[in-house]
Amino acid sequence: MKAGGQDTSDVTISIVTYNSRAVIGECLSTLPVGAQVLVYDNASSDNTVSFIRQYYPDVAVVEGEENLGFGRAHNRILSSIDTPFALILNPDCYVTGSAIALMLHAIRLAPDVALVGPAGTLETPDRDVSAVECTEVEVLSGACLLMRLSAFGSHLFDENLFLFYEDTDLCLRARSAGWRLLLEPRAVVAHSPGESSPRSFLMSQKRSLHLGWSETYFRCKHSDGRSNAEIISQVVFRHVLKGLQRLLRLSPKALE
C-alpha cells in the first residue's frame, strides 16, 4: 500500500505504550497515512487505549492485562505480523518527512543489513543532507529501529530485560551473527526521552532499579571473561555512586 506517497506495504509499525496518552496522539499523527500500525498497551491507567481507539480507529490496539516491559510487549507484536520488516517506535517519537521511506529504502537495498536507525533529533530537520550516505554503526537506539525480522527468527528482544539495554543486546547479537547495522542520517525522527510515561519520584526510582538490573544482566550475558561477581560489584558500585550524586546534588568531581 502507498501510505501518504510512501510504500509501507512491507513494514509494520510496532509501538508499546504505558500511560502514554499525553504523547501517543502526536506520534501517530506523524506516521504515513495508511501505514500498518500495531500498539501493545502495557495496562495503562490513563485511558491511553480509549484515546487511541477514539481518535485513531485504524490503529490496531492490544490491551495488555499487565505491564510486560518494553521487549516482551514488542515481541507480542513482532511474533504476530507477516511483513518482512518492523519499525520499532517509541510513543514519544515523532517522524518527520520521509524518514520511514528512507530507512526502508536502505534496508531493501542491502540484504545483509538487519537493522537501520535514523539520525535522531535535529534542530533543523529540513536541512539539506542529501549528500550524506548511510553509515555502518555498532549500535542503534531502540526508540526508532527498523528491523529485518528474518535476521532474528524467534530470537527477538531478550525477555529477561524489562527495560533498558534491549536494543544494545539486539544489536550485539545481530553483529555477532554477521549482520550489518546502518544509520540513515537523512531520516530524522525527533525523540523526547522520558516523555512516554508520566514522571514521578517513584517512577524515577523504578527506572533506576531497572537500569541497574538490565546493565548487570547484559554485561554478565556478554561477559568479556570477567566473573559475574566482578561485573555485578562494578555495576552496583557505579549505580550507588550515581545515586549518591543525585542525593547530595554534588558533581562527580566534588564527590570524588
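The present account deals with the structure reproduced in this document.

What counts and how
Residues numbered from 1 in each chain as written. Predicted model: local features only at pLDDT ≥ 70, side-chain atom pairs only at ≥ 80, totals over all residues. Heavy atoms only, no water. Helix = DSSP H or I, 4+ residues; strand = E, 2+ residues; numbered from the N terminus. Contact = heavy atoms within 4.5 Å. Areas by Shrake-Rupley, 256 points an atom, 1.4 Å probe, with all protein chains shown as cover. Pairing = 2+ DSSP bridges. Right-handed = clockwise from strand over helix to strand, strands pointing away. Buried < 20%, exposed > 50% of the residue type's maximum accessible area, 1.4 Å probe, protein only. Phe/Tyr/Trp six-rings, centres within 6.5 Å; stacked < 30°, edge-to-face > 60°. Core = buried A, V, L, I, M, F, W, Y, C linked by side-chain atoms within 4.5 Å.

### Digging into the overall build of the chain
- For the chain, the helix and strand inventory stands at eight helices and twelve strands.
- Contacts in the chain between residues far apart in sequence, at least 24 positions, make up 78% of those at least 6 positions apart.
- Here the chain has roughly 13300 Å² of accessible surface; of this, 53% comes from carbon and sulfur atoms.

### Observations regarding the environment of valine 33
- Mapped onto the secondary structure, valine 33 falls in the loop between helix H1 (21-29) and strand S4 (36-41).
- C-alpha separation for the pair valine 33 and aspartate 58, spaced 25 residues apart in sequence, amounts to 9.9 Å.

### Topic: the pairing of strand S5 (residues 60-63)
- With four bridges connecting them, S4 and S5 associate as parallel partners. The residue bridging aspartate 41 from the neighbouring strand is glutamate 63, located in S5.
- The handedness of the S4 to S5 crossover, carried by helix H2 (residues 48-55), is right-handed.

### Describing helix H5 (residues 166-176)
- Listing the buried residues of H5 in full gives Glu166, Asp167, Asp169, Leu170, Cys171 and Ala174.
- Two residues or fewer past H5, glycine 178 is found with a positive phi of approximately 95°.

### Comments concerning the packing of aromatic side chains
- The final tally for this structure, using the stated rule, is three aromatic pairs.
- Centre to centre, the rings of phenylalanine 51 and tyrosine 55 are 5.0 Å apart; their planes meet at 45°, and the pair counts as tilted. In this pair, phenylalanine 51 and tyrosine 55 are both assigned in helix H2, four residues apart and thus about one turn of the helix distant.
- Relative to tyrosine 56, the ring of phenylalanine 51 has its centre 6.4 Å away and its plane inclined at 55°; by these criteria the two rings are tilted.
- Tyrosine 56 sits in the partly exposed class, given a relative accessible area of 21%.
- Connected via pairs of aromatic rings, a cluster forms that spans Phe51, Tyr55 and Tyr56.

### Points about the nonpolar core
- With 38 residues, the main nonpolar core has Ile13, Ile15, Leu31, Val37, Leu89 and Leu146 as its most contacted residues.
- With near-sequence residues (within four places) excluded, isoleucine 15 lies in contact with Ile24, Cys27, Leu28, Leu31, Val37, Leu38, Val39, Tyr40, His74, Ile77, Leu89 and Pro91.
- Judged by nonpolar contacts, the second largest core, of 24 residues, contains Leu68, Leu78, Leu145 and Leu149.

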